[in-house]
Every structure is written in C-alpha cells, then in structure tokens.
Amino acid sequence: MCICLTLAGSAQADARPYTFVAQWGLQTGPLGTLLYPSGVTVDTTAGRVYVVDSHSHRVQVFDLDGNPVYAWGTFGAAVGQLWDPGGAALDAQGQIYVADTANDRVQILDPAGTVVTAWGAYGSYPGQLQRPADLTIAPWDGYVYVADTVNDRVQVFDALGNPLRYWGSKGSSNRQFRSPHGIAAGPDGLIYVADSGNHRVQVFDPWGNIVNAWGGQGSGDRQFDWPSDVTVATDGTIYVADTCNNRVQVLDATGGFLCHIGEGELHWPGALAVTSDRLYVADTLNHRLAVFDLQGQLVDTWGHKDLRAGRFDQPHSVAVSPDGARIYVADTFNDRIQVFAADGTFIADWGSSGAEAGQFNQPQGLAASPVNGHIYVADTGNDRLQVLDTAGSVVRAWGSSGPGLGEFTAPQNIALSPDGSRVYVTDSGNHRVQSFDAAGHNPQEWGQFGTGDGQFDTPYGVAVDAEGHVLVSDLGNHRVQMFDTEGHYLWQWGELGLDPRQFHRPTGVAFSPLDGQWFIADYSSNRLQAFDAFGGFRASIGARGPGAGHFQLPRSVAIGPDGRLYVADTGNNLLQVFERRYPLWLPVVRRR
C-alpha cells in the first residue's frame, strides 16, 4: 500500500475537492400554481384534467371547473419522482403515461399517482430515449408512440415498455425530424408529429410510412414557428400549438386551414388537449392552463406562477457580500434579485418587471463591490447596469442599447477589480468586454467577433484575480481567455469537448483568492471545472442530474470568503452550495 500526500493548492488534480452542503429553492409551489406547464390530458369520464407542471416536477390534477384536487411527483430520479416532465396521455384503463423528459424515461401511474411501472434509459439504441418530450397511446392497438426528441425519431412500445419499432433520423426530408416535440394518435388511425425544428407537421401510418406533411417556417396560415404539439379531435379536426407565433392553428382533416385561436392571449403555447366542447392549452410562459370553446373564445384560465420568496425561475447569477453574510441571486425570469443569509434564510427581494429605476428585464449578472458591498446588476434585457446599495435602493445606472462605447447589447456578467476601482462587463451581443470606473465613467473596450486571440463569440463570464488579470469565458468558442488590466491578450485554454480543460459553452467564471484557483461553469457539460492560476486542471465538480450536487445547465459560480462555492443551477431552478472537504492549509492523505 502506498500513501501519498497532496497539499491543497498544489497542481495535482483532486477528483473530489468539494462536498455538497445544501440546495436552495427546492420547495414545491401550492396547489394551483404552475411553472412552465408542458403537458395536458383530459379524462372526461372521471372529470379530471391532468396538467404536467414541468418545472415543479409534478403532475397536478384539476376538476373540470379548474379547481386543483391533488398533485403527485417530486424532484428527482427515483421511480415516482419526475425531472422536467413533458407530455402525458391516458390509456383505456385510466392510467397516466408521463414523458419524464430529463430522466429519459416513461412512467406509468394510476389515477391516484401510484407508480405502476417505468421504462426507458438514456441512449440512442432501440428502446433507449433522449429527452422524450411527448407520447400518445393509439386506441387501435394500445401501443405507446413516443417523440424521442434528441434522437430525432418516433419510437413505438407496447404497454410493458418493450420496444417494437422506430422511424426517423435527423434532417429535413420526409420521415426525418429536428427535435420533434409533440405527437398524437388520430381517429383515422394515423400518427401526427409536431416536427418542431422543421416547423411542420408530419403524418404517418402506424408503421412509419409518410402519409402527409404540411407547414414551413413563417407566420401565415398553415405556416408554423416551432410547433410544439398537435392533437386531433374525434371529428378529424387538427389543432397545432404554433408555439413561437403564440397561437393555435386549426386545420381540417386534410390539413386545410380553418382558423387561429389564442392570438393576443397565449404566450408560448406548449401542449394541447381537445374534448367534445373544449380546447385545453398549456399556456407555458403565462404559467397557466387556458381553456377555449371550439369557436376559439377564451372561457377560463387556471393556475398562476408561484412568486413566493425563495423560489427561482432560471437563476443566472450569484454574488457574495465581502463578509460572506449575504448571498445575492439573480432570479432572472422573475425579474428580481433575491437576498439570503449565508445559511439560506430568505432576507429580501428587490425589483420587479420593467424599465424604470430599480426594475429589471431578465437580470443575468451580479457582482458585489469589495469596498462598500454595493451590488452591480447586469440588467440584460434593458441593456444597462444598475448599482444598488445593501438595502436595494438604486445608487446609479448607466448604459443603453447600441454598439457604441458605453452602450450594450445583452450585457451578461460583471466583475470588479480587487480594489473596486474598475468594473468589467461582458457585452455579449457586441462580442466585447467593456470596463468603467466604479461610477460608470471612463469607458474602455476590447474584443470583436472572431476566433483569434482576443476575439470573442459571445463573451459571457468574467472575473478578476488578485493581481488584476481578467479571465473571460468565450462561450461560442468553447474557451477562456486571459487579459491584463488594460485588456491586452495574455493566454487562453480550452476547446470543444468533454475532457478536462475542454468546454462545451463555458459561462460563469470565479476566482478564489484563498488558493488562487479559477472556477468555470461548464454550462452544457453540466459541471464546474477548477484550474490553477495558469490553467492547469485541478478538479471537476458535479454531473448532469437532479440529485444533490448534480446540475442541469449551471450558469454561474461565486466564492465566499470561507471558500464555499455557490452555484446557480439554472436548469434545475436551484442554488447549490459546496464546501471544501478539508482545510486549505492541511495535507490530503490518499491511499492507492
């Protein structure tokens, strides 16, 4: 047996340098609140409407009057738990089949929410799934037809989950798909597929032979922009969720245009169900279910967004006060900043939707001044920076939309120099970094669009080390670049890939003055990577998943004065907290 010592802070990589401490934001909303509903199915006999409450990781059950009755499902990967579920369907026995999208499987539950069975696993072989968005059950044979979205195909299973056949591949020809998101079995014995990325609907017989197709990208009649679902009434009328056009299109049984429903009332309709007298629409970005009569009149809406303290909607950034006592979270799609104590206790929230002082439009970047604790906010949708004092009052703001010096196009992140005298901003839409003094004056800029040294393709994260070096994550070029204080290029590391020192769309960047390490949020690889001061690989933290210490699209990382890591786990709507396994000044004993 050999015992080797690795001193913390040395150049040797440590596979498990941090341990998970806590998740914030996990609480489930009250019955009747919805967060990105993505599926709906109706049991008229039992008088129940099942709504897939995707980002709350549950299915909610309503009566036909819109009263919430109960819900089932919790966040996770165990059987009976759900992770960003998509569509749902009912079989002849009243069992509910749920596309458990991020868990790459299908779950079957009885009407009370008790699991009957589950099947599917991540992969591309027959019977395996990758983010299945929807499913339907054919009344003529009881088979389950699944929109296997990332695999760009339709798979057919029997009721026990045995794979029978599949068709499709990535492309734009007949029988090919680009991210199919919706699927329905029609009364005519045909299978209808919302071929979202090709902006069309394709129609097949049960064996996958093409019967018809219509659509194309646009906003005219029978044109679509990312159709997310399709359903067919018993009389053959076809309803298509024309998602990015914010409407439902109604077609006759041959695909001929009839009318539009929901224009001016829907925001990103994502799923549909139709009965003899009602059309139910998962009005996804309005966080509700919209109910129409078949003449297209809106007759009711059910549900609303849960805006309680401590709940997040795609948090993009996190910052820590200089003394570590306060944690600030950019609750991006709630247009607010939430403030917590270091133990996760909620303190306050600041802001609301808008463009006035103190209001925000999808704020995405935060930084705390090391001098006075003021919070610098990248108010991304408003193309400006706002500075707030520790009570949340606006101190100053600067910036407007444009390419000029001091103007912004989608500013993403902010960092301050160690003495607080310079403010660095990733001006992503203009593919540059801008810097200012602490009051927003004396602007400087560097960078332009490209792949060369000092050029960027969507610069995203930014951080400054103790010596004033500026590290920028170059998201579209899958690398990070180092600059001096004045913006002169120094060096870089990274390329597209999944190995250490490779990235897939790096986003947030943080520097730890305790041990001189850089931390990079490797967004599409669902991990953090840690490096020494010169880009030497130290550690990988996390992996894709819903469990403690796992991520889905982490965008930002911040470091407290005690060395704790705070990670904005954007896709899971969480803030996750990690701490070192051992004190920085003690040796680590390893056995091998």
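A.B. asks: Go over the pairing of strand E3 (residues 37-43), please, and point to the residues and values.
C.D. replies: Counted residue by residue, E3 has 6 buried out of 7 residues, so it is predominantly covered. With 6 bridges joining them, E3 and strand E4 (residues 48-53) adopt antiparallel strand pairing. Following the sheet pairing, aspartate 43 is matched in E4 by arginine 48. Hairpin connection between E3 and E4: a loop of 4 residues separates the two successive antiparallel strands, and glycine 47 in this loop has a positive phi of roughly 70 degrees.

A.B. asks: Run through the pairing of strand E31 (residues 365-368), naming residues and quoting values.
C.D. replies: Neither face of E31 is open: one carries Gly365 and Ala367, the other Leu366 and Ala368, and all of them are buried. Note that E31 and strand E32 (residues 375-379) share 4 bridges and pair antiparallel. Each bridged residue has a counterpart across the sheet, and for glycine 365 the counterpart in E32 is alanine 378. If you look at the hairpin formed by E31 and E32, you'll find 6 residues sitting between the two strands, and glycine 373 has a positive phi there, around 75 degrees.

A.B. asks: Which residues make up the packing of aromatic side chains, and what are the values?
C.D. replies: What the rule picks out here adds up to 25 aromatic pairs. For the ring pair phenylalanine 483 and tyrosine 489, a centre distance of 6.2 Å and an interplane angle of 75 degrees mean the geometry is edge-to-face. Classification of phenylalanine 483 by relative accessible area gives buried; the value is 1%. Cluster of aromatic residues (ring-pair linked, three or more members): Trp24, Phe312, Phe340, Phe346 and Tyr566. Its guanidinium or amino end placed over the ring of tyrosine 166, arginine 153 lies 5.1 Å from that ring's centre, counting from NZ or CZ. Across the ring face of tryptophan 207, the terminal group of arginine 165 is positioned such that the distance to the ring centre comes to 3.9 Å.

A.B. asks: Give a description of the pattern of salt bridges that names residues and reports values.
C.D. replies: Going through the model one piece at a time under the given rule, you end up with 21 salt bridges. With a closest N to O distance of 2.7 Å, aspartate 283 and arginine 288 form a salt bridge. Using a relative accessible area of 0% as the deciding quantity, one classes aspartate 283 as buried. Here aspartate 522 ties to arginine 527 by a salt bridge, and the two come within 2.7 Å at their closest N and O atoms. Residue classification places aspartate 522 among the buried residues on the basis of a relative accessible area of 0%. The structure contains a network of salt bridges with shared partners spanning Asp242, Arg247 and Glu263.

A.B. asks: Hey, could you go over the environment of leucine 251 for me, with residue numbers and the actual values?
C.D. replies: Residue position: leucine 251 is located in strand E21 (residues 247-251). Leucine 251 gets classed as buried once you look at its relative accessible area, which sits at 0%. For the pair leucine 251 and glycine 236, spaced 15 residues apart in sequence, the C-alpha to C-alpha distance is 9.0 Å. Among residues more than four places away in sequence, those in contact with leucine 251 are Trp214, Arg222, Phe224, Thr237, Ile238, Val240, Gly256, Phe257 and Leu258.

Basis of the calculations
Residues numbered from 1 in each chain as written. Predicted model: local features only at pLDDT ≥ 70, side-chain atom pairs only at ≥ 80, totals over all residues. Heavy atoms only, no water. Buried < 20%, exposed > 50% of the residue type's maximum accessible area, 1.4 Å probe, protein only. Helix = DSSP H or I, 4+ residues; strand = E, 2+ residues; numbered from the N terminus. Pairing = 2+ DSSP bridges. Phe/Tyr/Trp six-rings, centres within 6.5 Å; stacked < 30°, edge-to-face > 60°. Lys NZ or Arg CZ within 6 Å of the ring centre and 35° of its normal. Salt bridge = Lys/Arg side-chain N within 4 Å of Asp/Glu carboxyl O. Contact = heavy atoms within 4.5 Å.

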